[in-house]
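What the coordinates show
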Amino acid sequence: MQHKKRHINTRRKFIKRAATLAAAPVMIGHYPGLAKQQVIHHVFFWLKNPGSASDQKALIEGLRTLKAVPQVRQLLIGTPASTIKRDVVDNSFQVSELMYFNSTADQDAYQAHPIHTAFVEKCSHLWERVVVYDMLTV
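So, how was this worked out
- Residues numbered from 1 in each chain as written.
- Predicted model: local features only at pLDDT ≥ 70, side-chain atom pairs only at ≥ 80, totals over all residues.
- Heavy atoms only, no water.
- Helix = DSSP H or I, 4+ residues; strand = E, 2+ residues; numbered from the N terminus.
- Buried < 20%, exposed > 50% of the residue type's maximum accessible area, 1.4 Å probe, protein only.
- Contact = heavy atoms within 4.5 Å.
- Salt bridge = Lys/Arg side-chain N within 4 Å of Asp/Glu carboxyl O.
- Pairing = 2+ DSSP bridges.
- Axes fitted to C-alpha atoms, helices over the stretch in contact; angles between N-to-C directions.
- Arc of directions from axis to C-beta.
- pLDDT = per-residue confidence, 0-100.
- Phe/Tyr/Trp six-rings, centres within 6.5 Å; stacked < 30°, edge-to-face > 60°.

**A word on the overall build of the protein chain**
Looking only at helices and strands, the protein chain has 4 helices and 4 strands in total. Start at the N end of the protein chain and walk to the C end: the helices and strands fall as α-β-α-β-β-α-α-β. For the protein chain, the residues scored as buried account for 30% of the 138 residues in total. Excluding contacts between residues fewer than 6 apart, the proportion of contacts in the protein chain whose partners are at least 24 apart in sequence is 75%.

**A few points about the pattern of salt bridges**
Under the criterion given, the structure shown has 1 salt bridge. For Glu-61, the salt bridge identified is with Lys-57, shortest N-O distance 4.0 Å. Residue Glu-61 and its partner Lys-57 are both found in helix H2 (residues 53-64); the two are separated by 4 residues, about one turn of the helix. A relative accessible area of 42% places Glu-61 in the partly exposed class. Of the residues examined, Lys-57 reaches a relative accessible area of 53% and is grouped as exposed.

**Quick notes on the environment of Pro-80**
For Pro-80, the location among the structural elements is in the loop between strand E2 (74-78) and strand E3 (95-101). In this structure Pro-80 comes out as partly exposed when scored by relative accessible area, which is 28%. Sequence separation between Pro-80 and Val-95 is 15 residues, and the spatial gap between their C-alpha atoms is 7.1 Å.

**Things to note about the side chain of Gln-107**
Relative to the helices and strands, Gln-107 is located in helix H3 (residues 104-112). For Gln-107, a relative accessible area of 8% translates into the label buried. Beyond its immediate stretch of four places on either side in the chain, Gln-107 contacts Val-39, His-41, Phe-101 and Asp-134.

**A few points about the sheet that holds E3**
Spatially, E2-E3-E1-E4 is the arrangement adopted by the 4 strands of the open sheet, whose pairing is antiparallel. Two strands bound the open sheet, and with one partner strand each, they are E2 and strand E4 (127-136). Within the sheet, the average angular offset between the axes of one strand and its neighbour, ignoring direction, is 15°. Two elements, E2 and E3, share 5 bridges in a ladder whose sense is antiparallel. Bridge pairing in E3 links Leu-75 to Met-99.

**Some remarks on helix H4 (residues 114-123)**
Listed as buried for H4 are His-116, Phe-119 and Cys-123. Looking down the long axis of H4, one finds its buried residues gathered within 55° of arc, a one-sided arrangement. Across H4 from its buried face, at more than 90 degrees, point the exposed residues Pro-114, Glu-121 and Lys-122. Those residues of H4 that are buried lie in contact with strand E1 (39-47), H2, H3 and E4.

**Considering the confidence of the model for the protein chain**
Averaged over all residues, the pLDDT of the protein chain is 85; the fraction at 70 or higher stands at 75%. Confidence drops under pLDDT 50 across residues 19-30; counting only partners more than four residues distant or on other chains, this segment forms 0 contacts.

**Some words on the packing of aromatic side chains**
For the coordinates displayed, the defined rule picks out 7 aromatic pairs. Look at Phe-45 and Phe-119: their rings are 6.4 Å apart centre to centre, the planes differ by 85°, and that puts the pair in the edge-to-face class. Highlighted residues: Phe-45 in strand E1 and Phe-119 in helix H4, separated in sequence by 74 residues. Note on accessibility: Phe-45 and Phe-119 belong to one class, buried.

Have a look at this one:
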């Protein structure tokens, strides 16, 4: 009998907690420290030697150093996805990075930060072309 009561109490606590969590608002895509209106900085890199795995690895390693810049709220690094080929999809790049900033002032500070300038100095010989898309969330 004692075991049955303990099981019922545990079950009631679980249901109560689950109901509380279900009623709480969920923020999809929310990252702590990000402002409501953010600057998103998306950069695409085309390597001078597109087939070179070592060049791609060196660029990715260089990009990872940029996370240490204090104004960078989030950094994502990737390579082209094997999605369905469509006229609107350009997956000709080799590496891409996506950064989130709290403001344009933070993005400007990032551009002048010594870690960013060191990255450009160290890795710019790897790429042939760079395209940047900056956007302000609405």
